[in-house]
Amino acid sequence: MLKFITRLFEGSMDIERTYGHCDQAIGLLQSYNENPDGFSEKKKTNMDETVEVAIREATNLISLEGEKNWIGVFREMHSNLAAIHLELGDRDKVDYHCKKLAEYGEPGRLDAEEILEKLDQAQSDTSSTN
C-alpha cells in the first residue's frame, strides 16, 4: 500500500513539474518572440533547453492516454503543446494538438478555437508585414 501511495504521489509531482515547465516554456517563447534582441546567446540556449524539456515531459504524459483516466491532464498537455508550437510557428503540430483538444468536449474545443485564432492572427500579422 505504501508503494502505491508513493508512486501516486510521485506521479502527481511529475504532472505538477510538467505544468510548471510548460508554463515557463510558453512564457519564455512569448518573451523571445516579442523581443528576440533581448535574449543573449546563453538566455536563448536556456530557453531552448526549457522548451525541449517541456515538450518531452508533456509528450510523455500524453503517451499515457488510454492507460490513465487523466482527462483534464491530457487536455491541458495538448493545450500546452499547442501553445508551445504556436510560439514556435509549427502549424502542423498546432493543428494536431488542437484536433486532440477538440476530442475533450466543450472545454477542449474552446481551447482549440482560441489557439487556432491566435495562430491565424499571427500568420496574418506576418503576411501583412511582408
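Everything below is about the structure shown above.
Structure report, in brief. All of these numbers come straight from a predicted model, not from anything done at the bench. (Residues numbered from 1 in each chain as written. Predicted model: local features only at pLDDT ≥ 70, side-chain atom pairs only at ≥ 80, totals over all residues. Heavy atoms only, no water.)

What follows is about the packing of helix α2 (residues 41-62) against helix α3 (residues 71-88). Where α2 meets α3, the axes come as close as 9 Å, and the angle between the chain directions of the two elements is 150 degrees. In terms of crossing hand, the pair formed by α2 and α3 is left-handed. The segment α2 lies against α3, with Val-51, Ala-54, Ile-55, Ala-58, Thr-59, Leu-61 and Ile-62 engaging Val-73, Phe-74, Met-77, His-78, Leu-81, Ile-84, His-85 and Leu-88. The residue makeup of the contact of α2 with α3, split by class, is 12 nonpolar, three polar and no charged. (Axes fitted to C-alpha atoms, helices over the stretch in contact; angles between N-to-C directions. Helix = DSSP H or I, 4+ residues; strand = E, 2+ residues; numbered from the N terminus. Left-handed = near helix turned anticlockwise from the far one by under 90°. Contact = heavy atoms within 4.5 Å. Nonpolar A, V, L, I, M, F, W, Y, C, P; charged D, E, K, R; others polar.)

The next thing to look at is α3. Counted at 1.5 Å a residue, the expected span for α3 with its 18 residues is 26 Å, and the 26 Å between its end C-alpha atoms agrees. Of all 18 residues in α3, 14 are buried; the element is thus mostly enclosed. (Expected span 1.5 Å × (residues − 1). Buried < 20%, exposed > 50% of the residue type's maximum accessible area, 1.4 Å probe, protein only.)

One recurring pattern in soluble globular proteins is that nonpolar side chains are buried together. Membership of the largest hydrophobic core comes to 17 residues, with the highest contact counts inside it found for Cys-22, Val-51, Met-77 and Ile-84. Among the elements that make up this core, the one with the highest residue count is α2 (six residues). Every residue in contact with Met-77, bar those within four places of it in the chain, is listed here: Thr-18, Tyr-19, Cys-22, Ala-58, Leu-61 and Ile-62. Counting residues in hydrophobic clusters, the runner-up holds eight residues, among them Ala-82, Leu-101, Ile-115 and Leu-119. (Core = buried A, V, L, I, M, F, W, Y, C linked by side-chain atoms within 4.5 Å.)

Before going further, it helps to examine the pattern of salt bridges. The tally for this structure, following the rule as stated, stands at 11 salt bridges. Across the pair Glu-106 and Arg-109 runs a salt bridge, and its minimum N-O distance is 2.5 Å. One end of the pair, Glu-106, and the other, Arg-109, are both in helix α5 (residues 105-129), three residues apart, so they sit about a helical turn from each other. Residue class for Glu-106 comes out partly exposed when judged on its relative accessible area of 44%. Here Arg-109 falls in the partly exposed class, since its relative accessible area comes to 31%. Across the salt bridge formed by Glu-113 and Arg-109, the nearest N and O atoms sit 2.2 Å from each other. Here the residue Glu-113 and the residue Arg-109 both occupy positions in helix α5, the gap between them amounting to four residues, near one helical turn. Classification of Glu-113 as partly exposed rests on a relative accessible area of 37%. (Salt bridge = Lys/Arg side-chain N within 4 Å of Asp/Glu carboxyl O.)

Limitation: the analysis is restricted to geometry and does not speak to function.
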